[in-house]
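Structure at a glance
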Amino acid sequence: MQNKFFKSIIFLAIISIVFIVSCKKKIDDAYLNPNAAVVEPIESILSGVIGSFTYFYSSAGTAYGVQQDAQYLGRYIQYWSIQTNGDQYGQMAGAVAGTDQTGSIWAAVYYGQGQNVNKIIQWGSEQQKWDYVGVGWAIRAWGWLELTNEYSDAILKEAFNTSLQQFHFDTQPEFYDSCRTICFRALSFLNRTDGNVSQANLAIGDAYFYNGDVNKWKKFVYGILARSYIDLSSKTIFTTNGYADSAIKYANLAMSTNADNAAVKLAGGNLNYNAVNNYFGPLRNNMGAYRQCAYIADLMSGNNDSAFKNVSDPRAWYMLRENLNGTFKGFTPWLGTSSLSANDYPKNFWGNTTPASTSPPAIDSSRYIFQNTSPFPIMTASEMQFIIAEAALRKGDKATALTAYANAISLNFDMLTTTYPQNIPTAHVITPAVKSAYLSNPAIVPLSNTGLTLTHIMLQKYIALYIWGTQETWVDMRKFHYTDRDPAGTGIQVYASFTPPTGTNLFANNGVGKLVYRCRPRYNSEYLYDVPELTRIGAENADYNTYECWFSQK
């Protein structure tokens, strides 16, 4: 009797457990735990991550990417400025106190990409989608290099450690080493053809960058490697440690035609237009107060007194904006409107003929990367040729340098005429004859390789990367400390006639005569939560933005 009783108890207990488990499953299915791990389709994650190259716009965060930081950094290198007299960034200032200005790359790498890239790599590995894994590592490598070149010391080893509330900052050489290691890791996955690798499936997440073309992603990774070596070209180790050879090797493996260019594409449209249109375009209306600087305008119109003198660059009609006189003038960043007469005042980048207007014209006449759906370059074949030219010249191979230099200019012409031919006045359309005449001018391309200088290479690269390559151009200018002389003995600056602000035109907090060499970490993360570490590295000091980066030190 007792045995039967115990058997009944056990039977009822089993029934109860089954009932409870069944009920729990129904409850769990009906009310999902928001803190439980949920595997999302990595195809849908990648598209947003690619958006963070330029200007991330989603519910996960906004204002992440190169475009917004270019608004500020572009004033340091005198690509463009705003109409305000005494503009802070035009005066080589650091971030405006208490704001996230110049914090977009920080946010893109740690937040917009951050855990999203980690999940692409984790879930892609679990699902054997090795192409997605390779792309994830490629984006991480790009992020580390962009991050350290803008901020120098940052969070590397402890990044994405969710158990921490404060983080240790690592040095710039560690970021460079990590970037290269991750590049080779990315290539190892991009080379795999087993598992669930599929161009068609990769194209779902990669629709607006490389459309699932793994070979182009490999070229992108090689381009990151090339940048990681050429960025160190002013250091004494550049030629002695074989870095020049590495820069040439990887640039040759990177994009070689404009079809290989890495560029973020946009769908366009008025529905949810912030997410599908160019941040620089008229529809989003962010750039109305911006005008080209005098330095780029003079360089392209033949008015620079030391380089390309009296040579009108036909690309100016594609990249810059003319004034009411039909000529190209620009602002001095720290002087704003006071530096120009009314008729010399350039139109805004959308072509409004009222000089000081900040609005788009009634009929859209925007050009270049300022259209609503302009593809926005991240890396180009032209840039790779300039890398080869600089590295070859530094190691004494002037023949290779001259060939690459001419190729670089030619590729940039072709990119403009094929990708950005919109709204160019008929009389100023670049034809093969116009391009040939420019490249045949000995003031542009020397007749002999013995006449080629770093001034030629760096100034033409400065033009070819106008606006879209602001971050990389800032790296280049800091390598030459803005005003270093050309080592060829010409007596002129590498960036000929470039004049930074001085005296009272230089931001007072910088200290006497000191220019900007880095940005501060993002305010709304580090300056609120990581103060002990910021204090350790000196980031609480008023002149922290003038601390020279490792990459530009000899």
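Values in this document were obtained by computation on a predicted structure and should not be read as measured data. (Residues numbered from 1 in each chain as written. Predicted model: local features only at pLDDT ≥ 70, side-chain atom pairs only at ≥ 80, totals over all residues. Heavy atoms only, no water.)

Within the secondary structure layout, alanine 539 lies in the segment after helix H20 (531-537). A relative accessible area of 0% places alanine 539 in the buried class. Measuring from C-alpha to C-alpha, the distance between alanine 539 and tryptophan 317 comes to 42 Å, with 222 residues separating the pair along the chain. The contact partners of alanine 539, leaving out residues within four places of it in the chain, are Arg520, Pro521, Tyr527, Leu534 and Tyr544. (Helix = DSSP H or I, 4+ residues; strand = E, 2+ residues; numbered from the N terminus. Buried < 20%, exposed > 50% of the residue type's maximum accessible area, 1.4 Å probe, protein only. Contact = heavy atoms within 4.5 Å.)

Now for the nonpolar core. With 162 residues, the main nonpolar core has Phe220 and Tyr405 as its most contacted residues. In this view, tyrosine 405 contacts Phe308, Phe386, Ala389, Ile444, Val445, Pro446, Leu452, His456, Ile457 and Gln460; residues no more than four positions away in its chain are not counted. (Core = buried A, V, L, I, M, F, W, Y, C linked by side-chain atoms within 4.5 Å.)

A few words now on the pattern of salt bridges. For the structure shown, the criterion picks out 21 salt bridges. Between lysine 479 and aspartate 476 there is a salt bridge, with the nearest N and O atoms lying 3.2 Å from each other. With lysine 479 and aspartate 476 both in helix H18 (residues 470-479), this residue pair falls 3 residues apart, about one helical turn. One exposure class covers both lysine 479 and aspartate 476, and it is buried. A salt bridge links glutamate 533 to arginine 536; its shortest N-O distance comes to 2.6 Å. Separated by 3 residues within a single helix, glutamate 533 and arginine 536 lie in helix H20, roughly one turn from each other. Each member of the salt-bridge network shares a partner with another, and the members are Glu390, Arg394, Lys461, Asp476 and Lys479. (Salt bridge = Lys/Arg side-chain N within 4 Å of Asp/Glu carboxyl O.)

Confidence along the protein chain averages 92 in pLDDT terms, with 93% of residues attaining 70 or more. Scored below 50 in pLDDT, residues 4-21 shows 0 contacts in the model against residues more than four places distant or in partner chains. (pLDDT = per-residue confidence, 0-100.)

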